[in-house]
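Observations on the model geometry
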Amino acid sequence: MTTAAWLDIGWVDQIPVRGSRTVQVEGRDDIALFRTAEGKVFALLDRCPHKHGRLSQGIVHGGAVACPLHNWRISLSTGEALGEDKGCTPTVPVKIDGGRVLICRASTLKAAA
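Owing to the predicted nature of the structure, the values given are computational and were not obtained by experimental measurement.

Topic: the UniProt feature "domain: Rieske" (unreviewed entry) in the chain
- The sites that carry the UniProt feature "domain: Rieske" (unreviewed entry) are, in the present numbering, residues 6–103.
- Segment residues 6–103 splits into 0% helix and 41% strand. End C-alpha atoms: 5 Å apart.

Here it is, written out as structure tokens:
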């Protein structure tokens, strides 16, 4: 199911708990979808603001993901680096509808540009 405003990415349970799944955006950066232990789903550009590590390869702890390159912690809800680190990764709005994950089409294209 794809609508004008939202892209249907798949079932929530296709995203591992405390893990991620990526969505390829042709000609642009990938989007990483994350699922917390509490079952919340977030979407970020799959690029750390520090050294551009793939956040989808990081480990989810609570409401953050650790970049696999230098262990920067990035907030899943805001994309902001946590602690002493400074930087931000674009976020993409997510909603769950009937167990399906949908991401905002316009925000996906803007974030991945």
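That covers the picture; the talk isn't over yet.
Considering the sheet that holds strand 8 (residues 91–92)
- The sheet built from 4 strands is open, its strands ordered 2-3-4-8 with antiparallel pairing. Looking at which strands have only one partner, the edges of the open sheet turn out to be strand 2 (19–23) and strand 8.

Side note on the pairing of strand 3 (residues 31–35)
- Within strand 3, 5 of the 5 residues are buried, which leaves the element mostly enclosed by the surrounding structure.
- Neither face of strand 3 is left uncovered, since the one carrying Ile 31, Leu 33 and Arg 35 and the one carrying Ala 32 and Phe 34 both have all their residues buried.
- For strand 2 and strand 3, the ladder comprises 5 bridges, and the chain directions are antiparallel. In the strand pairing of strand 3, Val 23 is matched with Ile 31.
- Hairpin connection, strand 3 to strand 4 (residues 41–45): the antiparallel pair is bridged by 5 residues, and Gly 39 has positive phi, about 90°.

Focus on unusual backbone geometry
- Even without a glycine there, the phi angle at Arg 18 is positive, about 60°.
- Take Arg 18: it is sitting in the loop between strand 1 (6–11) and strand 2.
- A relative accessible area of 54% means that Arg 18 is categorised as exposed.
- Its identity as a non-glycine residue notwithstanding, His 52 has a phi of 65°, on the positive side.
- If you trace the backbone, His 52 turns up in the loop between strand 4 and strand 5 (59–61).

Overview of the packing of aromatic side chains
- Per the counting criterion, the structure on display carries 0 aromatic pairs.
- Over the ring of Trp 11 we find Arg 100, and its NZ or CZ is 4.6 Å from the ring centre.

Quick look at the environment of Ala 37
- Its location among the elements puts Ala 37 in the loop between strand 3 and strand 4.
- Between the C-alpha atoms of Ala 37 and Thr 89, which are 52 residues apart in sequence, the distance is 21 Å.
- Setting aside residues no more than four positions away along its own chain, Ala 37 makes contact with Val 17 and Arg 18.

Regarding the sheet that holds strand 6 (residues 64–66)
- Read from one edge to the other, the open sheet built from 3 strands follows the order 5-6-7, with strand pairing classed as antiparallel. Each of the sheet's edge strands pairs with one partner strand only, and the pair in question is strand 5 and strand 7 (73–75). Within this sheet the neighbouring strands show an average axis-to-axis angle of 30°, counted without direction.
- Pairing geometry for strand 6 and strand 7, over 3 bridges, is antiparallel. Opposite Val 65, over in strand 7, you have Ile 74 as the bridge partner.

Rules behind the numbers
Residues numbered from 1 in each chain as written. Predicted model: local features only at pLDDT ≥ 70, side-chain atom pairs only at ≥ 80, totals over all residues. Heavy atoms only, no water. UniProt positions renumbered as here; feature names shortened; annotations may be inferred. Helix = DSSP H or I, 4+ residues; strand = E, 2+ residues; numbered from the N terminus. Pairing = 2+ DSSP bridges. Buried < 20%, exposed > 50% of the residue type's maximum accessible area, 1.4 Å probe, protein only. Phe/Tyr/Trp six-rings, centres within 6.5 Å; stacked < 30°, edge-to-face > 60°. Lys NZ or Arg CZ within 6 Å of the ring centre and 35° of its normal. Contact = heavy atoms within 4.5 Å. Axes fitted to C-alpha atoms, helices over the stretch in contact; angles between N-to-C directions.

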